[in-house]
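# Residue-level structure breakdown
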Amino acid sequence: MELNDLLEELNAGRTITGDSPLHEVMHRVSQETLRITGELNGGYQEPARVRELLAQLTGKPVDETVTLFPPFNADFGKNITLGKRIFINAGCKFQDQGGVVIGDDTLIGHNVVIATLNHDLAPSRRADMHPAPVAIGRNVWIGSNATILPGVNIGDDAVVAAASVVTKDVPAGAVVVGSPARVVRSVTE
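All chains use their own residue numbering, which begins from 1 and follows the written sequence. Two thresholds apply to this predicted model, a pLDDT of at least 70 for residue-level local features and 80 or more for giving and counting side-chain atom pairs, whereas whole-chain, interface and lining totals are computed over all residues. The side-chain figures draw on all heavy atoms in the structure; neither hydrogens nor water molecules are used.

### Considerations on the overall build of the chain
Strands are runs of DSSP state E lasting at least two residues, helices are runs of H or I lasting at least four, and both sets are numbered from the N terminus onward. Helix and strand counts for the chain stand at three helices and 18 strands. Counting only C-alpha atoms and orienting by the principal axes, one finds that the chain spans roughly 50 × 40 × 25 Å. Three labels apply to residues, based on accessible area from a 1.4 Å probe with only protein chains included: buried if under 20% of the type maximum, exposed if over 50%, partly exposed otherwise in between. Each of the 189 residues in the chain was classed as buried or not, and the buried ones make up 45%. All accessibility values rest on the Shrake-Rupley procedure with a 1.4 Å probe; residue burial counts only the protein chains present in the view. Accessible surface computed for the chain: about 9,200 Å², of which carbon and sulfur atoms make up 54%. Both charge centroids of the chain, one from 16 positive and one from 22 negative side chains, sit 5 Å from each other. Residues counted as positive are Lys and Arg, residues counted as negative are Asp and Glu, and His and the chain ends are not counted. Each charge is placed at NZ for Lys, CZ for Arg, CG for Asp and CD for Glu.

What follows is the structure, encoded as structure tokens:
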């Protein structure tokens, strides 16, 4: 089993059992991710070097318009897709096995957590992981300390208020607040 086999299963939304060869692949990839994030977070890096390390982490090119302020943590890295003109502030944590897609012109505040895995509720299967992607649209603003849970889609131009916990989809142009996050109004020019 290799990374491509794992990504195929994760992106199909299939459960990764805790005792499977795919689970072993996930842990192997995570060790490489820890090495890359260790370098990224180990001291000052020029912006171009930050993008280089982010490209190593994701295994994909990162546009020169993407800005990331370390520290940044991912526990997998290979299932993150970034658009253009994205700003990710310090302290963010992405659990990206299930897939994280971030659209152009999006701003992500300090300490945002994006989660894409749930563990099984049954105690005997607790190590099993159920992936569900997070998709963030274009021109979204996610406030500091927000948490985005597995399977959530955030529509274009939406705003997630600081410290919100987003448990369900956010419509385009909506402002959501709270835990669980709820729509309080629409964005206007």
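On we go from here.
### Quick word on the side chain of lysine 78
Within the fold, lysine 78 resides in the loop between strand E2 (72–74) and strand E3 (80–82). Put simply, a salt bridge is a Lys or Arg side-chain nitrogen that is within 4 Å of an Asp or Glu carboxyl oxygen. Put simply, lysine 78 is tucked away with no salt bridge, and the nearest opposite charge, on glutamate 32, sits 5.8 Å away. Within 3.5 Å is the distance limit for a polar contact, defined as a pair of N or O atoms, with the added protein rule that one can donate a hydrogen and the other accept it, and that residues adjacent in sequence qualify only through two side-chain atoms. A polar atom in the side chain of lysine 78 sits 3.1 Å from the backbone oxygen of leucine 57. When checking whether two residues touch, look at their non-hydrogen atoms; a contact exists if any pair is within 4.5 Å. Every residue in contact with lysine 78, bar those within four places of it in the chain, is listed here: Leu3, Leu7, Val29, Gln56, Leu57, Thr58, Gly59, Lys60 and Asp96.

### Focus on the sheet that holds strand E6 (residues 100–102)
Taking strand neighbours across the sheet as the criterion, the four strands line up as E3-E6-E11-E14 in an open arrangement whose pairing is parallel. At either margin of the open sheet sits one strand with a lone partner, and together these are E3 and strand E14 (153–154). Any two strands with at least two DSSP bridges between them are considered paired. Here E6 pairs with strand E11 (residues 134–136) via three bridges, running parallel. Along E11, the bridge assignment pairs valine 101 with alanine 135.

### Regarding the sheet that holds strand E5 (residues 92–95)
Strand order in the open sheet formed by five strands is E2-E5-E8-E13-E16, and the pairing between neighbours is parallel. Every interior strand has two partners, whereas the edge strands, E2 and strand E16 (165–166), have only one. Where E5 and strand E8 (residues 113–115) come together, three bridges link them in parallel fashion. What sits directly across from phenylalanine 94, in E8, is isoleucine 114.

### Re the pairing of E5
Of the two faces of E5, only the one carrying Cys92 and Phe94 is buried; Lys93 and Gln95 on the other face are not. Bridge count for E2 against E5 is three bridges, and the pairing is parallel. If you follow phenylalanine 72 over to E5, its bridge partner there is cysteine 92.

### As for the packing of helix H1 (residues 3–11) against helix H2 (residues 21–41)
One way to put it is that H1 packs onto H2 with a least axis distance of 9 Å and a crossing angle of 110°. With respect to their mutual orientation, H1 and H2 come out roughly perpendicular. Of the two possible hands of crossing, H1 and H2 adopt the one that is left-handed. Facing H1, whose interface residues are Leu3, Asp5, Leu6, Glu9 and Leu10, H2 presents Leu22, Val25, Met26 and Val29. All amino acids are sorted into three groups, where Ala, Val, Leu, Ile, Met, Phe, Trp, Tyr, Cys and Pro are nonpolar, Asp, Glu, Lys and Arg are charged, and the leftover types, Gly among them, are polar. Here the residues of the contact of H1 with H2 are counted per class, giving seven nonpolar, no polar and two charged. Helix axes use the C-alpha atoms of the stretch in contact, all axes being lines fitted to C-alpha atoms, and the angles between their N-to-C directions lie in the range 0 to 180 degrees. When an angle is under 35 degrees it counts as roughly parallel; over 145 it counts as roughly antiparallel; between 65 and 115 it counts as roughly perpendicular; any other value is oblique. Crossing handedness is defined as follows: a turn of the near helix away from the far one that is anticlockwise and smaller than a right angle gives a left-handed crossing, while the clockwise case is right-handed.

### Some remarks on the nonpolar core
Put simply, a nonpolar core is a bunch of buried Ala, Val, Leu, Ile, Met, Phe, Trp, Tyr and Cys residues held in one set by side-chain atoms that sit within 4.5 Å of each other. Within the largest apolar cluster, 37 residues are counted, with the highest numbers of intra-cluster contacts made by Phe72, Ile88, Phe94, Ile142, Ile148 and Ile154. When residues of this core are traced back to their parent elements, those giving at least two are H2, helix H3 (47–58), E2, E3, E5, E6, E11 and strand E17 (174–178). A per-element tally of this core places H3 first, with four residues. In contact with phenylalanine 94, not counting residues within four places along its chain, are Phe72, Asn73, Ala74, Asp75, Ile80, Ile88, Val100, Ile102, Ile108 and Ile114. Core analysis: the second largest hydrophobic core is formed by 11 residues, Leu6, Leu22, Val25 and Val29 among them.

### Examining the pattern of salt bridges
By the definition in use, this model includes 12 salt bridges. Residues joined by salt bridges that share partners form a network here, namely Glu32, Arg35, Glu39, Arg49 and Glu52.

Any link to function would need more than the numbers given here.
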